Amino acid sequence: MKLLRPQTDGIPPHPRQEPRVDGPLTVDTLRRVFADCVDFAVREADLAGDPEKRVTMCYIGGMVKLERASEYILRPLAQDSTLRDAPPEEAWRKMAGGALYNLMVEQRTTADQAALDIINGNLILFFPGAPAVLSFYMATEDKRGVSAPDNEPSSKGARDAFVENLRSNTSLVRRHLRAPELKIREKIVGRQSLTPVDILWLDNIADPDLVRRVEERVAAIDIDALLSTGNLEEYLVDAASTAFPLVLYTERPDRFCAGLAQGRVGILAEGLPLGYLCPGTAGEFIRAPQDKSNNWMIASVLTLLRCLCIFGTLLLPAVYIAMVNFHQEMIPTRLALSIIAAKRDVPFTTVFEVLLMLAAFEILQEAGLRLPPSIGQTVSIIGGLVVGTAAVEAKIVSPAVLIVVAAAGIAGYTMPSQEFAAALRLWRFLLAVLAGWAGLFGVVVGAAVLILRLARLESFGVAYLTPFSAGGQSGLDGALRLPLPWVKLRQAGLHTKNRRNQA
Amino acid sequence: MKRAFAAMLLAVLCLPLAGCGVQSALPEGRELENMALIRTLGVDEAEEGVMVTAASAQQSGGEQPALVYSHTAGTVSAACLAMQSRGSAYLFYGHVGELLSGEELAAAGLEEALGYVERDIEMRLDTKFYVVRGGKASDAIAALSASGESAAERLEAMAEDAGLMAASMPRTVGELLADTARCGATFAPALTLTGEEGDCDLAADGYALLKDSALIGFAEGGAALGVNLLLGRVEADVVECPTEGGTAALRVVGAQTKISPTFENGVLTGLTVQCAVDASVAQGPENLDLEHSPEKQKSLETALAQTERERIVAALTLLQTLDADCLDLCRRAGMSAPWRWAALQDQWGEAFSTLPMRVEVTASIRRGYDVK
């Protein structure tokens, strides 16, 4: 248990240096800060050819769009004689007021602000005698175009997906949710990466307490760099205590916006082509995005099937072990005879055989995922068909075990959330071991512990088993997709300001 | 977390209070492939107690013959346990589908054999029970195994065909125990060994009638068919009735029987059995045209009703002669007159053997399949 606790002993303090850049706001200060940075550039220019009035521009090559800087900043500086002829204060006021053509301009008074702006793709303009510098936003827009989602394909619905650029993502959300109540608040995460993380919510729907909790969580993240999803997910929730995902992620803006409209709080981060929705509850992990596009009866049947598949993927190997090893009377006689006939020359015990196959299944899956899709598919086919068949023919495993493990694996693939499926796979191993130890007694104990664990879980103050266990809703609402005109209330567990979602 | 851990620890510490030792707290695991699934169990009377014969299913998916073990001991349990030492496989009795009893043991009493099924953790109450008429269960099992067919398969086939043959219906140990506990008597299908040695077969042979778990007689022929009619369990039976131009074969496809008591001044004075039989024409002479000859239909229905009545009367007479309500007629009569239930229960035991029975049978031929 000690291994699962955060290490606290012997850890030195980790104070932040505020401000990061000391010293007056001068070109020399910036040169010192960006010393040994080959991409840092300083450009001096005379105002309309007057060497007495020289301005200095600082920027980072590659971060600033040079054509725009040359056209809209340098050209007016070099050619606009009114700037040269005006007194310095007047010229400064004109440059800040529009003589230089840029929509986003800020005045900076500290070297810390200026340095951060330069990193974000701003061009800093020093004007002799001015009390501050002008910071023009001129970042390059090298980014991937919006494309169809890879992991959440949509057969009937929007085909856009989040990209790595945060502003593009917020704009995608804005296009889906045009309500002015959509609020976006930004936090900077990562001491070294300084990654902008945006928190989005609908102010007229979301629970303010939930918004506060999410903000506090994001603000409390003090890491070096936010570069991967794990950097964010594991800090958003107390993830160490469970394998089940506690925040929902999606790469589809329509699903993200539907979550916001339900009263959830969204999180988008620079560099991550997906959005998180808080809280993540069990009911959401068994729902596929296209469920709402399908006929309600079909979607309900599919959701019920997924619920059955949860039991299938969790319990099939364990129940097989329990039945074959401990409760042989449960097996229909003809099936028992078939299993005996098929297993007669297999040298391994049933428990070992099942665990071996479960492990082989995981290895095959992992191998398939790590390889390019075409090779991965080949590996899966070779592993599944060729090696599987050969193993059965060589009497290394019995066909019944192969069928049970394959059926459990396929049942797991019906989960729309791969994180949820992975957690189920982990528990599948545990239940199989318990079944090998004590038969159905062990399975029941394991299942009871699982239910207790899930019942104790909360995601941002909302019970994880919502809507199956939370008050105000029946479990049927979670397992069925009722006709949308009938669903007039948002989930009670989310404590939204306004529960009614339609007339 | 600490509280949950403490609760779990407390639960584990409380386990010994459940009366289970450490060894027996968890089930004992056995690999299925190391087992021989016993499908048929035969019990016979022996000098030392009982002789138990156990037959497994055919081994290796039917490639090898069924295993047959036999042992004599004081009790069925002891014999079954002793048989475990035979062979390498563990004999598993959880899949016993048929329990056979020899006639001698049945006559001496079946309490022990039925009690073993009731109490043993592996045996099932839905095990079908048969009495081997005029023979021993071990002979029947050995004969079938020698013929290359497993006893279980033959008996299962017979149970499936029982309705079609109208010869007997399968009964489970659970039903026998429930009947015996309720009214002290019951019935079970009887089998008889047919054919020469080496080419033996089992055939249904009516019903064994049991009272206080001991065999008191057999219902055979018409009486056995009467039992089916009284219970309303007729899936198919062919009755041949003479008619103009030949013989008509009528297939009886259903029967509904109502039994009601007659009381006079609070005294049970009789029992009325009303049976409605449904039949179809299975075969008949060329000129049999029921659609245009209602008289012919009426005549056939009357003949059929007469035949079925005789069968019912034969069954009832046998039961009265043996003074055993093997078909639980008392409860069925009580269900048709629940307000008389207390009186019926009080008087039934003494009155049953001499109770006047009025049997009314109506027959209807639903489908004539006339050739146009």
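Residues numbered from 1 in each chain as written. Chains lettered and ligands numbered in written order. Predicted model: local features only at pLDDT ≥ 70, side-chain atom pairs only at ≥ 80, totals over all residues.

Concerning unusual backbone geometry
All names here are of chain A.
And then number 1: Of note, the bond from C278 into P279 is cis; its omega dihedral lies within 30 degrees of zero at -5°.
And then number 2: Of note, P279 is situated in the loop between β10 (275–278) and α10 (282–285).
And then number 3: The step from T466 to P467 runs through a cis peptide bond, and the omega angle for that step is 5°.
And then number 4: Among the secondary structure elements, P467 is positioned in the loop between β12 (462–463) and α17 (475–479). (Helix = DSSP H or I, 4+ residues; strand = E, 2+ residues; numbered from the N terminus.)

Some details on the sheet that holds strand β7 (residues 195–202) of chain A
Residues and elements named next belong to chain A.
And then number 1: Taken in spatial order, the five strands line up as β6-β7-β9-β10-β8 in an open sheet, and their pairing is antiparallel. Every other strand in the sheet has two partners, leaving β6 (182–189) and β8 (248–250) as the edge strands with one partner each. On average, adjacent strands in this sheet sit at an angle of 25° to one another, irrespective of strand direction. (Pairing = 2+ DSSP bridges. Axes fitted to C-alpha atoms, helices over the stretch in contact; angles between N-to-C directions.)

Things to note about the interface of chain B and chain A
And then number 1: Facing the 17 residues of chain B at the interface are 18 residues of chain A.
And then number 2: In the side of chain B that touches chain A, the residues fall into seven nonpolar, six polar and four charged. (Contact = placed C-beta atoms within 7 Å. Nonpolar A, V, L, I, M, F, W, Y, C, P; charged D, E, K, R; others polar.)

Side note on the nonpolar core
And then number 1: Core analysis: the largest hydrophobic core is formed by 199 residues, its most contacted members being A318(A), I38(B), Y207(B), A208(B) and L250(B).
And then number 2: Look past the residues within four positions of L250(B) in its chain and what remains in contact with it is V238(B), V239(B), C241(B), A279(B), V281(B), A282(B), L300(B), L304(B) and I365(B).
And then number 3: The next biggest cluster of nonpolar side chains, apart from the first, holds 29 residues, and it includes L30(A), I73(A), A114(A) and F136(A). (Core = buried A, V, L, I, M, F, W, Y, C linked by C-beta atoms within 7 Å. Buried ≥ 20, exposed ≤ 12 C-beta atoms within 10 Å, placed from the backbone.)

Quick notes on the environment of T180(B)
All names here are of chain B.
And then number 1: Along the chain, T180 turns up in helix α7 (residues 173–183).
And then number 2: Owing to 19 C-beta atoms within 10 Å, T180 belongs among the partly exposed residues under this scheme.
And then number 3: Each C-alpha atom of the pair T180 and S213 lies 6.9 Å from the other, and the pair is 33 residues apart in sequence.
And then number 4: The residues touching T180, leaving out its near neighbours within four places in the chain, are T186 and S213.

Overview of the sheet that holds strand β12 (residues 267–283) of chain B
Residue and element names in this part refer to chain B.
And then number 1: What the four strands build is an open sheet, ordered β10-β11-β12-β13; its pairing is mixed. This sheet does not close on itself; its edge strands, each paired only once, are β10 (237–243) and β13 (357–367). The average undirected angle you get between the axes of adjacent strands in this sheet is 35°.
And then number 2: Strand direction decides the pairing type here: strand β11 (residues 246–264) and β12, joined by 15 bridges, are antiparallel. Bridge pairing in β12 places V252 opposite A279.
And then number 3: On the sheet, helix α9 (residues 294–322) packs against β10, β11, β12 and β13 and is oriented at approximately 140° with respect to β13.

Here's the deal with the packing of helix α13 (residues 350–370) of chain A against helix α15 (residues 399–413) of chain A
Residue and element names in this part refer to chain A.
And then number 1: Viewed as axis vectors pointing N to C, α13 and α15 meet at an angle of 45°, and their least axial separation amounts to 10 Å. Put simply, α13 runs oblique to α15. Viewed along their axes, α13 and α15 form a crossing whose handedness is right-handed. Of the residues in α15, those touching α13 at E353, V354, M357, L358 and F361 are V401, L402, V405 and G409.
And then number 2: Of the residues belonging to the contact of α13 with α15, the class tally is seven nonpolar, one polar and one charged. (Parallel < 35°, antiparallel > 145°, perpendicular 65-115°, else oblique. Left-handed = near helix turned anticlockwise from the far one by under 90°.)

Topic: the packing of helix α10 (residues 329–336) of chain B against helix α11 (residues 341–351) of chain B
All names here are of chain B.
And then number 1: The N-to-C vectors of α10 and α11 enclose an angle of 155°; their axes lie 9 Å apart at closest approach. Comparing the axis directions of α10 and α11 gives the class roughly antiparallel. Judged by the sense of rotation from one axis to the other, the crossing of α10 with α11 is right-handed. For the pair α10 and α11, contact is made by C330, A333 and G334 and by W341, L344 and W348, respectively.
And then number 2: Classifying every residue of the contact of α10 with α11 gives five nonpolar, one polar and no charged.

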